[in-house]
Structure formats: C-alpha cells, structure tokens
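Residue-level structural notes
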Amino acid sequence: VQLQASGGGLVQAGGSLTLSCAASRGIANIARMAWYRQAPGKQRELVAVITSGGSTDYADSVKGRFTISRDNAKSTLYLQMNSLKPEDTAVYYCNCRIVIQNYWGQGTLVTVSS
C-alpha cells in the first residue's frame, strides 16, 4: 500500500490545519492507522491512532486539540489539528500496519509560528 500525505503548511499559533493521507488501496480492513510526527532533532513520536472499529487514542500533548478520523469509502485518513502551538511544528507522517509490515507516507511539514 502507498500512502500520500498532504495538508501541511505554515499557520499561526492558535490556528487550525487538516492533514489528509490518501491510500492506494481500500483501508476498511486495515486494523490500525496512525499519525506520527518528528520535530527537528527529536525522535518520531506517535500523535494519534485509530482502529478499524473507530476507536481512537492520542498523545497527551494533543488530547483535546487533535482529532483523527478515517473515511473508508475514500480510503483516506485525516488529522484535524486545532489550537496549534509552536511545539506542534514537525513533519507529520501517516502510517498503517498490515500484519507485521509498517507502511509510511512521505511526510508533510507543519510549521506553527508564535
């Protein structure tokens, strides 16, 4: 499966962005899809995860501000980001796991100015 992330950009603190991740195949039976991010000089970290049943989980740093969702009909994963902070600046990657294989999108840069 190929993943194509988009929607990143430059936004002021307090603003909003929605990231999208289009998959090259159907995603309805993909058990786990997620967004990760990697800030300069830091390790990649898990931001949010969603299961095929719609259960979600979030990193503490984004709870209440970010919302992960998936549209199986469009084979697309989303990340709605509100109340953005400068510390949210990072390259955001979409991810899915099929059996034991991880697949990654190419990353989309989010820059939050103060």
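Anything mentioned here points back to the structure above.
Rules used throughout
Residues numbered from 1 in each chain as written. Predicted model: local features only at pLDDT ≥ 70, side-chain atom pairs only at ≥ 80, totals over all residues. Heavy atoms only, no water. Buried < 20%, exposed > 50% of the residue type's maximum accessible area, 1.4 Å probe, protein only. Core = buried A, V, L, I, M, F, W, Y, C linked by side-chain atoms within 4.5 Å. Helix = DSSP H or I, 4+ residues; strand = E, 2+ residues; numbered from the N terminus. Pairing = 2+ DSSP bridges. Axes fitted to C-alpha atoms, helices over the stretch in contact; angles between N-to-C directions. Contact = heavy atoms within 4.5 Å. Disulfide = S-S within 2.5 Å. Salt bridge = Lys/Arg side-chain N within 4 Å of Asp/Glu carboxyl O.

**Focus on unusual backbone geometry**
In this structure, Ser-83 takes a positive phi of about 50° despite not being glycine. Taking relative accessible area as the criterion, Ser-83 reaches 41% and is therefore assigned partly exposed. Positive phi, close to 60°, is recorded for Val-99, a residue that is not glycine. Overall, Val-99 belongs to the exposed group, its relative accessible area being 73%.

**So, the nonpolar core**
Within the largest apolar cluster, 30 residues are counted, with the highest numbers of intra-cluster contacts made by Trp-35, Leu-79, Met-81 and Tyr-92. Mapped onto this core, the elements with two or more residues apiece are strand S1 (3–6), strand S3 (17–23), strand S4 (32–38), strand S5 (45–51), strand S7 (66–71), strand S8 (76–81), strand S9 (90–98) and strand S11 (108–113).

**Some words on the sheet that holds S1**
In space, the four strands of this open sheet follow the order S1-S3-S8-S7, with antiparallel pairing throughout. Looking at the sheet topology across the chains shown, the edges are occupied by S1 and S7. Strand-to-strand twist of the sheet, defined as the mean angle between neighbouring strand axes without regard to direction, takes the value 15°. Two strands pair when backbone bridges link them, and S3 and S8 are joined in this way by six bridges, in the antiparallel orientation. Its bridge partner being in S8, Cys-21 is matched across the sheet by Leu-77.

**Comments concerning the pairing of S3**
Judged by which residues are buried, S3 turns out to be one-sided: Leu-17, Leu-19, Cys-21 and Ala-23 face inward and are buried, whereas Thr-18, Ser-20 and Ala-22, on the alternate face, are not. Relative to S3, S1 runs antiparallel, the two sharing four bridges. Looking across to S3, one finds that Leu-3 is bridged to Ala-23.

**What to know about the environment of Val-1**
Along the chain, Val-1 turns up in the segment before S1. Through-space distance from the C-alpha of Val-1 to that of Tyr-58 is 24 Å; in sequence the pair is 57 residues apart. If we skip the residues at most four places from it in the chain, Val-1 touches Ala-23, Ser-24, Arg-25, Cys-96, Ile-98 and Tyr-103.

**Quick word on the state of the cysteines**
What the rule picks out here adds up to one disulfide. The disulfide that involves Cys-21 links it to Cys-94, with 2.1 Å between the sulfurs. On the sign convention where negative means left-handed, the S-S torsion of about 65° between Cys-21 and Cys-94 marks this disulfide as right-handed. Here Cys-94 lies in strand S9 and Cys-21 lies in strand S3, a separation of 73 residues in the sequence.

**Points about the pattern of salt bridges**
Pairing between side chains of opposite charge can happen when the charged atoms of each approach one another. Enumeration according to the criterion identifies four salt bridges in this entry. The residue Arg-37 makes a salt bridge to Glu-45 at a minimum N-O spacing of 2.7 Å. A residue is classified by how much of its surface remains accessible, and Glu-45, at 35% relative accessible area, is partly exposed. Residues Asp-88 and Arg-37 are paired through a salt bridge, measuring 2.9 Å at the closest nitrogen-oxygen approach. Here the residue Asp-88 occupies a position in the loop between S8 and S9, and Arg-37 occupies one in strand S4, the gap between them amounting to 51 residues.

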